[in-house]
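# An overview of the molecular structure
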Amino acid sequence: MKFLAYLIFVPLQFIWLPFSLIGVIMVGYCQLAVSKRLGVSQTAVEIINGRWAMDVFGLRRDRAARKLASAIPNNSVRGLWLALFPLWLTHKILGVQFLYPTLPKPEKAGIANLVPSRTIVFDEFIEANLAGAAQFVVLGAGLDTRAYGTLRQSDVVIYELDQSVDQTHKRKHLTAAKIDSSHVRFVEVDFADRCWINSLLATDYDPSKKTIFLWEGVTLYLSERAVRATLTALAESSAAGSVVVADIYAERLVKLTKSKAVSWSLELTGEEIVFGLDCSTDAEERLGQFVASQGLRLGRNQFLGGHHKKGPFAAIVEMVI
């Protein structure tokens, strides 16, 4: 089947190549230049575009992501269609996932499919912790749309925390996309402020109730000191049995982002990838040591790309309070 997919895709891509290049330019311009002009995160666009692609290609239903991706000015859905059309048509003809987006086994996951791979694992970990949870707190929510899908049907009270400029941008375009967000408590925080947790505590958030903290795609942009300080703040302000579901990245991925092309694009919107663990050897032991050093218990964990000779490039982990 893979051979047949290449047989269909390669000539399609050859014919369509000028349009694909136009699409890449359209998406890149909006993501980088427009995000810089608006003063908002450009990496958040990569995440919602990955979720958009998962929905379009039938990997994961997320209508809110499709609607929000079309509404934000620092994105181009037309560009996405131009760039991905040969892959989409190959998928429609054969009914298989091919090249992108795909969901390989976690140990065989590659960086190119990082967003789909980690999204599915996060979904599984969140679902596993919903029973008995009273609150769901998204740290550094960005353009995440989980609060507007199946989670809305649950009994948890939902909070989204982010810095003012990114949260204002998101709320404006949730309205433009006609996505109801009335059930979400939006909390503006500055994670650079050591007392950021007070902004959450000033709401109706109840530290005596079991809470799921979702911390996705954030730790790699922080210093190790900031990561540890955040975990300490959460542990001190939540009930026993609460859980932090987070992704922690390997040093090898952090080093890859230091290339001129990647670092230049991040610098445009003031972003930098900083924190990673050495996962080249004994990755699970090192992860466990890090979690234990915070006085937390290591729960479920899943490494991505573990079959690579240099070790995994990321871990999705439950840290139980």
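Here we summarise the structure given alongside this text.

### Concerning helix α6 (residues 164-176)
- The terminal C-alpha atoms of α6, which comprises 13 residues, lie 18 Å apart, in line with the 18 Å expected from a rise of 1.5 Å per residue.
- Three or more residues of α6 are buried, namely Asp166, Gln167, His169, Lys170, His173 and Leu174. Around the axis of α6, the buried residues are gathered within 160° of arc, so they sit on the same side. Facing away from the buried side of α6, by more than 90 degrees, are the exposed residues Lys172, Thr175 and Ala176.
- In this structure, the buried residues of α6 make contact with α1 (2-38), α3 (63-71), β2 (157-162) and β3 (184-188).
- Once α6 ends, the next one or two residues include Lys178, with phi positive near 60°.

### Points about the sheet that holds strand β5 (residues 243-249)
- As summarised here, the arrangement of the 7 strands in space is β3-β2-β1-β4-β5-β7-β6, forming an open sheet in which the pairing is mixed. For this open sheet the edge positions go to β3 and β6 (297-304), each flanked by a neighbour on one side alone. Across the sheet, the mean angle from the axis of one strand to that of its neighbour is 20°, orientation sign disregarded.
- Here 7 bridges tie β5 to strand β7 (residues 314-320), and the two strands are oriented antiparallel to one another. Its bridge partner lying in β7, Ala246 is registered against Val317.
- Helix-sheet contacts for α6 involve β2 and β3, and the interaxial angle to β3 is about 150°.
- On top of the sheet, helix α8 (residues 224-236) reaches β1 (135-139), β4 (211-215), β5 and β7; it is set at about 165° to β4, its chief contact.

### Things to note about unusual backbone geometry
- That bond from Tyr100 to Pro101 is cis: its omega, -10°, falls within 30 degrees of zero.
- Inspection of the secondary structure assignment puts Pro101 in the loop between α4 (77-94) and α5 (114-129).
- In the Ramachandran plot, Leu99 falls in the positive-phi region, its phi being about 65° despite a non-glycine side chain.
- At Lys178, a residue that is not glycine, the phi angle is positive and equals roughly 60°.
- Note that Lys178 resides in the loop between α6 and β3.
- Take Lys178: its relative accessible area is 74%, and that puts it in the exposed class.

### Some thoughts on the packing of aromatic side chains
- For the coordinates displayed, the defined rule picks out 11 aromatic pairs.
- Here the aromatic residues Trp16, Phe19, Trp52, Trp81, Phe85 and Trp88 are joined through ring pairs into a cluster of three or more.

Each value, and the rule that gives it
- Residues numbered from 1 in each chain as written.
- Predicted model: local features only at pLDDT ≥ 70, side-chain atom pairs only at ≥ 80, totals over all residues.
- Heavy atoms only, no water.
- Helix = DSSP H or I, 4+ residues; strand = E, 2+ residues; numbered from the N terminus.
- Expected span 1.5 Å × (residues − 1).
- Buried < 20%, exposed > 50% of the residue type's maximum accessible area, 1.4 Å probe, protein only.
- Arc of directions from axis to C-beta.
- Contact = heavy atoms within 4.5 Å.
- Pairing = 2+ DSSP bridges.
- Axes fitted to C-alpha atoms, helices over the stretch in contact; angles between N-to-C directions.
- Phe/Tyr/Trp six-rings, centres within 6.5 Å; stacked < 30°, edge-to-face > 60°.

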